[in-house]
Amino acid sequence: MKLKFISLLILISLISCKEENVQLPKSNVSVMTEIYDHSPIYMFYRESENDTLAEINTKNKIGTTNWIFNVDKRLPLHAIIPEISKLQHKKKNGMHKKEGTINVFSYADSLHKNLAFLPFTDVKYFYDKDFSKFYIKDHAELYMAYNNLTVNFKKSEEVTVDGHKIEREELADYLKEFSEFMSDGRKTILHLNFDKYLTYNDYIQNKLLLWQITSEVIQLSSYEFIYDETKLPDCGCEL
């Protein structure tokens, strides 16, 4: 039954890729490898004269099922995050919603040669004008009990932690060591920021990188900030 289920998922993905040219991100990290009672949402890569667009196919989605978001890895975040947020809201507030269902992103598990899934049911996206550093400052009472680290993935492929540039290859070890040194017994929350011109592939790869270091003492915030650098407040500081 398990093999039949996995084979069906792969077949659906391959048919979609063949007909609509969906290119999924690839990773050797397996977060979830099985999901039942699901329906698919597709976001296809399309180019126009002036921009890159997401063509969205939701005709097979069923509100009472788990939703699998199959997103082309070439799409920029600015083309998909507003649409994902709308779909999240629609499902959460729909007349026929079902408690306990989840939303996941799909990607190709290169280690096990299957599809794998990254849950994001509880993620709330802040778009364009928001950045975690400013949000934490404005809601300081909510975060006083935690060790808060702002992680920023820039469109230049630079990564910063609280404004300090860190090589991506060193990011996971740095965060674990810095968290242990600075936490003073408190839980560490990683607040993630992504330039909206990064691709979906960039987004998934960076999320999977950080997911691997989560534990009882290091957690990812459920608030994620997809920002436009030109619209952020000028704080005179390094982001």
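Residues numbered from 1 in each chain as written. Predicted model: local features only at pLDDT ≥ 70, side-chain atom pairs only at ≥ 80, totals over all residues. Heavy atoms only, no water.

Visitor: Is there a simple way to think about the overall build of the chain in this case?
Guide: Across its full length, the chain carries 6 helices and 12 strands. Relative to a compact globule of 239 residues, whose C-alpha radius of gyration would be 18 Å, the chain shows 18 Å and is just as compact. In terms of principal-axis extent, the alpha carbons of the chain reach across some 50 × 45 × 40 Å. Across the 239 residues of the chain, 45% fall into the buried class. Taking all contacts inside the chain whose residues are at least 6 apart in sequence as the whole, residues at least 24 apart take part in 74%. (Helix = DSSP H or I, 4+ residues; strand = E, 2+ residues; numbered from the N terminus. Rg over C-alpha atoms; globule rule 2.2 N^0.38 Å. Buried < 20%, exposed > 50% of the residue type's maximum accessible area, 1.4 Å probe, protein only. Contact = heavy atoms within 4.5 Å.)

Visitor: Help me out: how do you make sense of the pairing of strand 6 (residues 114-119) in this one?
Guide: On a regular strand, each side chain points to the face opposite its neighbour's, so the side chains alternate between the two faces of the sheet. Looking at chain direction, strand 5 (residues 103-109) and strand 6 are connected through 6 bridges and run antiparallel. Of the residues in strand 6, the one forming a bridge with Phe-105 is Leu-118. The loop that links strand 5 with its antiparallel partner strand 6 comprises 4 residues; one of these, Lys-113, has a positive phi angle of about 60°. (Pairing = 2+ DSSP bridges.)

Visitor: What is the right way to look at helix 2 (residues 77-92) in this model?
Guide: Every α-helix carries 3.6 residues per turn, so stepping three or four residues along brings you back to the same face. Counted at 1.5 Å a residue, the expected span for helix 2 with its 16 residues is 22 Å, and the 22 Å between its end C-alpha atoms agrees. Among the residues of helix 2, Leu-77, His-78, Ala-79, Ile-80, Ile-81, Ile-84, Leu-87, Gln-88 and Lys-91 are the ones counted as buried. (Expected span 1.5 Å × (residues − 1).)

Visitor: Honestly, the pairing of strand 11 (residues 188-195) in this entry has me stumped. Any pointers?
Guide: Within strand 11, 8 of the 8 residues are buried, leaving the element largely enclosed by the surrounding structure. Of the two faces of strand 11, both are covered, the one formed by Thr-188, Leu-190, Leu-192 and Phe-194 as well as the one formed by Ile-189, His-191, Asn-193 and Asp-195. Taken together, the 7 bridges between strand 11 and strand 12 (residues 218-227) define a ladder with parallel strand orientation. Among the inter-strand pairings, Leu-190 is bridged to a residue of strand 12, identified as Leu-220. Between strand 11 and its parallel partner strand 12, the chain crosses via helix 6 (residues 200-211), and the hand of that crossover is right-handed. (Right-handed = clockwise from strand over helix to strand, strands pointing away.)

Visitor: Please clarify how the side chain of Ser-106 should be interpreted in this entry.
Guide: Mapped onto the secondary structure, Ser-106 falls in strand 5. Ser-106 sits in the buried class, given a relative accessible area of 0%. There is a polar contact of 2.7 Å between the side chain of Ser-106 and the side chain of Asn-70. Dropping the residues within four chain positions of it, Ser-106 is found in contact with Leu-24, Pro-25, Ile-68, Phe-69, Asn-70, Ala-116, Phe-117 and Tyr-200. (Polar contact = N/O pair within 3.5 Å; in protein donor to acceptor, adjacent residues only side chain to side chain.)

Visitor: Would you mind showing me how to read the state of the cysteines here?
Guide: Among covalent bonds in proteins, the disulfide is the one between the sulfur atoms of two cysteines. Applying the stated criterion across every chain yields a total of 1 disulfide. With a sulfur-sulfur separation of 2.0 Å, Cys-235 is cross-linked through a disulfide to Cys-237. With the S-S bond torsion at -90°, the cross-link from Cys-235 to Cys-237 turns out left-handed. (Disulfide = S-S within 2.5 Å.)

Visitor: I would appreciate a short explanation of the nonpolar core in the present structure.
Guide: Nonpolar side chains tend toward joint burial in soluble globular proteins. Counting 43 residues, the largest nonpolar core has Phe-69, Ile-80, Ile-84, Phe-105, Tyr-125, Leu-171 and Leu-175 as its most contacted members. Ignoring anything within four residues of it in the chain, the contact list for Phe-105 reads Phe-69, Val-71, Ile-84, Ala-116, Phe-117, Leu-118, Phe-120, Tyr-125, Tyr-200, Tyr-203 and Ile-204. Of all hydrophobic cores here, the second largest spans 10 residues; its members include Leu-24, Ile-35, Leu-115 and Phe-117. (Core = buried A, V, L, I, M, F, W, Y, C linked by side-chain atoms within 4.5 Å.)

Visitor: Just to check I follow, could you spell out the environment of Ile-218 for this structure?
Guide: With respect to the helices, strands and loops of the structure, Ile-218 is situated in strand 12. Taking C-alpha positions, Ile-218 is 10.0 Å from Asn-148, a pair spaced 70 residues apart along the chain. Excluding its chain neighbours within four sequence positions, the residues that come into contact with Ile-218 are Lys-176, Ser-179, Thr-188, Leu-190 and Ile-213.

Visitor: How should the sheet that holds strand 8 (residues 147-153) be read in this particular structure?
Guide: Neighbouring strands of a sheet are bound in pairs by backbone hydrogen bonds; such pairs are parallel or else antiparallel. Read from one edge of the open sheet, 6 strands run 7-12-11-8-9-10, paired in mixed fashion. Looking along the sheet, the strands with just one partner apiece sit at the ends: strand 7 (124-128) and strand 10 (164-166). Between one strand axis and the next, the sheet turns by 30° as a mean value, whatever way the strands run. Against the sheet, helix 2 makes contact with strand 7, strand 11 and strand 12, and its axis sits at roughly 140° relative to strand 7, the strand it touches most. Packing against the sheet, helix 5 (residues 168-182) makes contact with strand 8, strand 9 (159-161), strand 10, strand 11 and strand 12, and its axis sits at approximately 165° to strand 8. (Axes fitted to C-alpha atoms, helices over the stretch in contact; angles between N-to-C directions.)

Spatial relationships are all this shows, so hold off on functional conclusions.
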